[in-house]
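For reference, the chains in residue letters:
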Amino acid sequence: MTPRPLTITGGKLVLPTGAPLPGAVRIADGRIVALGAISAEPGDDVLDAKGALITPGLVDLGVFAIDKPAFHFGGITRAALMPDQGPPLDHPARVRFAAQSGKPDMWVHPLGAATRGLEGVELAEIALMRDAGAKAVATGRRWIADSGVMLRLMSYCAMLDLVLVTHAEDAGIAGTAVATAGEMATRLGLPAAPAEAESLAVARDLALAELTGCRLHFRQVTTTAALDLVRAAKARGVKVTAGVTPAHFMLSDLELANFRTFCRLSPPLRSDADRHAVISAIADGTIDVIASGHDPRGAEDKRLPFADAEPGMAGAETLLPLTLTLVRDGHIDMARAFALLAGNPAALLGVEAGKLEAGLEADLALVEPERPWIVDRSKMAATAGNTPFDRRPVEGRVTALFKGGNRIA
Amino acid sequence: MTESNFPAQSRYPEGGLAFPHRDLTGISHLARHEILYLLDEAEQWLALNRQRHKRAEVLSGLTIINAFFENSTRTLLSFEIAGKRLGADVVNMHAATSSVKKGETLIDTAMTLNAMRADAIVIRHASSGAVQLIADKVDCPVLNAGDGSHEHPTQALLDALTIRHALGLAPGSDLNGLKVTICGDILHSRVARSNILSLTALGADVTVCAPPALMPAEIEAMGVTPSHDFDAALQGADVVMMLRLQLERMSGQFIPSPREYRHLYGLTLERFGKLPPNVLVMHPGPMNRGIEIDSQVADHPTRSLITRQVESGVAIRMACLDVLTRRARGVPGWAAAEGAAA
């Protein structure tokens, strides 16, 4: 039985450009059929948004676990799953399984492992994985050290017109580092690597992308020097995009005091100067994507000495409110916030989603952008509460979420 | 160097306020007067340890667990002797023979030690921050006997006490204006970090000397002068503190070879001979004789303080065990301080 069409009225539409526009959106057969200054048609179900933002559902480019309650809380309707799973997503069958794992109320877009076992040595079956549902290819949370492998990988991805998502950290320099070299790591006696581990990796991958024409996406760019390289490469027409998570525009390595393992991230937290550079890069368009990096980790992975703890944070629930801080501080407008959170990642993955447009799947959220709440690691929807933002007051909350027209939260 | 004119009783806050911390996890938590308080408290034990009868019963009936997750001979022995001379029951737990090898987590081990109702736990662990992690989970005072490359507070205290005695300074004195050069693997050294914190808090001017690969980033933020040139770093020094270089770091990764390290950074007899005759030499041990320090220097009868460091170590650890257990023992003036800053 097909549900009746739904019209959400009295909202403010967050469109790809411009300020939020008062209006309504009409959904039928799971798709957006009309939006703007429209009203409900006879027989429609009607939902009054009561002034909330009507936004596209978030498209989270780069999560390490499928965690529906957290995604629903955070307004995420599609998530690109990193290949760093046990076992890695380096086989078409595993990709196919992952691609089906969230339906119907959550779409998972697997990122196929670029190399077998993510070892950085032999190419995985990329075309077969693509046909099994991989929307892009990723090196995982690892650096491919062999530049020859990287060159062949990029030319192959270029041929298949698949985006390659890389982790920009030169492993030779990073070694066993768990922090960025600087006063904090020195005081705490933590293994540390200079921030240049990132810019070196970015420089190499940019050179190879330029050579091969591969569409390259750095999942996280977090340092001044690396962002400058990306900015310059974009200016000369290299097909490169860059992402970041809220941790790197909200926090610096000062948070490592007292060995807080919830702040053990990969790449590690940087200096405050780098944090400001990330904000500037979001504002000037160098950074295209803000993702959660969602990686819930329990006590067995986090209640350890800092260097022994696993990296990662539970980020799905805080992705939207922390990004909205950039709007509130005037760095970006609301339309750009949702381009970073939904439109751009959807375009990178080549999926018809991430914006409010007639004909697209009705993946949308109602958001009260100023509704205050306090992040509390003990009350999170995620499977683990490893957030570096514990006890932080934030604003912005999803009050309703639709996937393909069905209300899921 | 500043000698205090105040009598000892009024030099420090009253009772438990003199040392309001439950644990000793690092020098970084301590104020100058708290460091001096521990040094002064150690004086009595230094005196006791030189007598034939070396036992006080202040910790009688208490249980101290030495939980060493990393191999140690001298620090473990020093803590064991310190506990026993104070009359406590001392139990040593070696990680090599414990369930840690069977995969038990650090937290589980900590909870187990806690359930055994230790009155103080002394911990050494190979990871920075591990001691603080355990301290947060147990109910008794925790002493850091070295955590990763982070801190080794009793080593810094015993070094300060040794210097003070070698210079003939009275209790209550700090090390204002003293020039100390610390040379070796600063990057991986918890001894260096704790000594930097303690010596600078006591007013000393500290120079740290290491090759670039073994010098941590932005070390000058800790109030020291970094140098890569050992001969230059020795100029004007009153005290030279040599650090042990792990042999595995001298096989090409950080240093081309032991003899090349000795050539650039060893306190050789030749370098020692060029120093003014009042310059003192220290080393936390164990030494690589003939590499970072020549035997004739290490064994110098008056200018090497190395064996005196070991002697001070027992006294410092007795002082720390005594002071940290006073609250639980209900020592007058200390029990009332319950609930003061942890």
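Residues numbered from 1 in each chain as written. Chains lettered and ligands numbered in written order. Predicted model: local features only at pLDDT ≥ 70, side-chain atom pairs only at ≥ 80, totals over all residues.

(A) Spatial organisation of the overall build of chain A. Within chain A, the regular secondary structure consists of 13 helices and 18 strands. Principal axes of the C-alpha set define a box for chain A whose edges measure 65 × 45 × 40 Å. Evaluated residue by residue, chain A yields a buried proportion of 60% over its 409 residues. For chain A, contacts bridging at least 24 residues in sequence account for 71% of all contacts bridging at least 6. (Helix = DSSP H or I, 4+ residues; strand = E, 2+ residues; numbered from the N terminus. Buried ≥ 20, exposed ≤ 12 C-beta atoms within 10 Å, placed from the backbone. Contact = placed C-beta atoms within 7 Å.)

(B) Structural context of the overall build of chain B. A tally of helices and strands in chain B yields twelve helices and nine strands. The C-alpha atoms of chain B give 20 Å as radius of gyration, which agrees with the globular expectation for 342 residues (20 Å, within 12%). Each principal axis of the C-alpha atoms in chain B carries an extent, and together these give about 55 × 55 × 40 Å. The burial tally for chain B puts 49% of its 342 residues in the buried class. (Rg over C-alpha atoms; globule rule 2.2 N^0.38 Å.)

(C) Examining the pairing of strand S3 (residues 31-36) of chain A more closely. Note that strand S2 (residues 21-28) of chain A and S3(A) share five bridges and pair antiparallel. Bridge assignment links A:Val25 to a residue of S3(A), and that residue is A:Leu35. (Pairing = 2+ DSSP bridges.)

(D) Quick peek at the packing of helix H2 (residues 32-49) of chain B against helix H6 (residues 153-166) of chain B. All names here are of chain B. Packing of H2 against H6 leaves a shortest axis separation of 10 Å and a crossing angle of 65°. With respect to H6, the axis of H2 lies roughly perpendicular. Considering only the axes of H2 and H6, their crossing is right-handed. Residues Ile-35, Leu-38, Leu-39 and Ala-42 of H2 form the contact with H6, whose own contacting residues are Leu-157, Ala-160, Leu-161 and Arg-164. (Axes fitted to C-alpha atoms, helices over the stretch in contact; angles between N-to-C directions. Parallel < 35°, antiparallel > 145°, perpendicular 65-115°, else oblique. Left-handed = near helix turned anticlockwise from the far one by under 90°.)

(E) Local environment of the sheet that holds strand S3 (residues 120-125) of chain B. All names here are of chain B. Spatial strand order, S2-S1-S3-S4: four strands in an open sheet with parallel pairing. The open sheet has two free edges, formed respectively by strand S2 (89-94) and strand S4 (142-147), since each of these has just one partner strand. Ignoring which end each strand starts from, the neighbouring axes of this sheet average 15° apart. In the sheet, strand S1 (residues 63-68) pairs with S3 via five bridges, with the strands oriented parallel. Bridged to Ala-67 within S3 is Ile-123. Sitting on the sheet, helix H12 (residues 306-329) is in contact with S1, S3 and S4, with an inclination near 130° to S3.

(F) Geometry of unusual backbone geometry. The omega torsion across A:Gly86 and A:Pro87 is 0°, close enough to zero to call that bond cis. Within the secondary structure layout, A:Pro87 lies in the loop between strand S7 (76-81) and helix H2 (92-100). Note the cis peptide between B:Gly285 and B:Pro286, where omega equals -10°. Here B:Pro286 shows up in the loop between strand S9 (280-282) and helix H11 (295-298). For A:Asp29, which is not a glycine, the phi torsion comes out positive at approximately 50°. Among the structural elements, A:Asp29 can be located in the loop between S2 and S3.

(G) The arrangement of the confidence of the model for chain B in detail. With 92% of its residues at a pLDDT of 70 or more, chain B has an overall mean of 92. Scoring of the predicted complex yields 0.93 for pTM and 0.91 for ipTM. (pLDDT = per-residue confidence, 0-100.)

(H) Seen up close, the domain arrangement of chain B. Residues and elements named next belong to chain B. Partitioning chain B into structural domains gives domain 1 (17-152 + 313-337) and domain 2 (153-309). Each of domain 1 and domain 2 was reduced to a C-alpha centroid, and the two centroids are 25 Å apart. Each partner contributes residues to the interface: domain 1 has 27 residues there, and domain 2 has 24 residues. At the level of elements, H2, S4 and H12 are the ones that each hand at least two residues to the side of domain 1 that touches domain 2. When its residues are assigned to classes, the side of domain 1 that touches domain 2 shows eleven nonpolar, nine polar and seven charged. (Domains from an automatic or database assignment. Nonpolar A, V, L, I, M, F, W, Y, C, P; charged D, E, K, R; others polar.)

(I) Fine view of the interface of chain A and chain B. Between chain A and chain B, the residue contacts involve 18 residues of the former and 20 residues of the latter. Here the residues of the side of chain A that touches chain B sort into ten nonpolar, four polar and four charged.

(J) A look at H2(A). Residues and elements named next belong to chain A. What H2 keeps buried is the set Pro-92, Arg-94, Val-95, Ala-98 and Ala-99. For H2, the buried positions fall inside an angular range of 160° around the axis, keeping them on one side. The exposed set on the far side of H2, more than 90 degrees from its buried face, consists of Ala-93 and Gln-100. Buried residues in H2 make contact with S7, strand S8 (107-113) and helix H3 (126-131). (Arc of directions from axis to C-beta.)

(K) Region of interest: the environment of A:Leu21. Residues and elements named next belong to chain A. For Leu-21, the position within the fold is in strand S2. Sequence spacing of Leu-21 and Ser-271 is 250 residues, and the spatial spacing of their C-alpha atoms is 38 Å. When sequence neighbours within four positions are dropped, the list of residues in contact with Leu-21 reads Lys-12, Leu-13 and Leu-15.

(L) Quick look at the sheet that holds S9(B). All names here are of chain B. Spatially, the five strands line up as an open sheet ordered S7-S6-S5-S8-S9, and their pairing is parallel. With one partner strand each, in any of the chains shown, strand S7 (225-227) and S9 form the two edges of the open sheet. Taking the axes of each pair of neighbouring strands and ignoring which way they run, one obtains an average angle of 20° across the sheet. Sheet analysis places strand S5 (residues 179-183) next to strand S6 (residues 205-209), joined by five bridges and oriented parallel. If you follow Lys-179 over to S6, its bridge partner there is Asp-205.

(M) Layout of the nonpolar core. A:Ala136, A:Val137 and A:Leu164 are the most contacted members of the largest nonpolar core, which has 245 residues in total. There are two domains that each give this core at least three residues, and those are domain 1 (17-152 + 313-337) and domain 2 (153-309) of chain B. If we ignore the near neighbours within four places in the chain, the residues touching A:Val137 are A:Leu111, A:Gly112, A:Ala114, A:Ile126, A:Cys157, A:Leu162, A:Leu164 and A:Val165. (Core = buried A, V, L, I, M, F, W, Y, C linked by C-beta atoms within 7 Å.)

(N) Summary view of the environment of A:Ser266. Residue and element names in this part refer to chain A. Inspection of the secondary structure assignment puts Ser-266 in the loop between helix H9 (246-250) and helix H10 (272-284). Residue Ser-266 is classed as partly exposed on the basis of its 18 C-beta neighbours within 10 Å. Separated by 87 residues in the primary sequence, Ser-266 and Ala-179 have C-alpha atoms spaced 8.9 Å apart. Residues in contact with Ser-266, not counting those within four places in the same chain, are Arg-141 and Pro-311.

(O) Seen up close, the packing of helix H3 (residues 74-85) of chain B against H12(B). All names here are of chain B. Interhelical geometry of H3 versus H12 gives an angle of 55° and a closest axis separation of 8 Å. As far as their axial angle goes, H12 and H3 are oblique. You can see that H3 and H12 cross each other, and the crossing is right-handed. Contacts from Arg-74, Ser-78, Phe-79, Ile-81, Ala-82, Gly-83 and Arg-85 of H3 reach H12 at Val-310, Gly-313, Val-314, Arg-317, Met-318 and Leu-321. Of the residues assigned to the contact of H3 with H12, the class counts are seven nonpolar, three polar and three charged.

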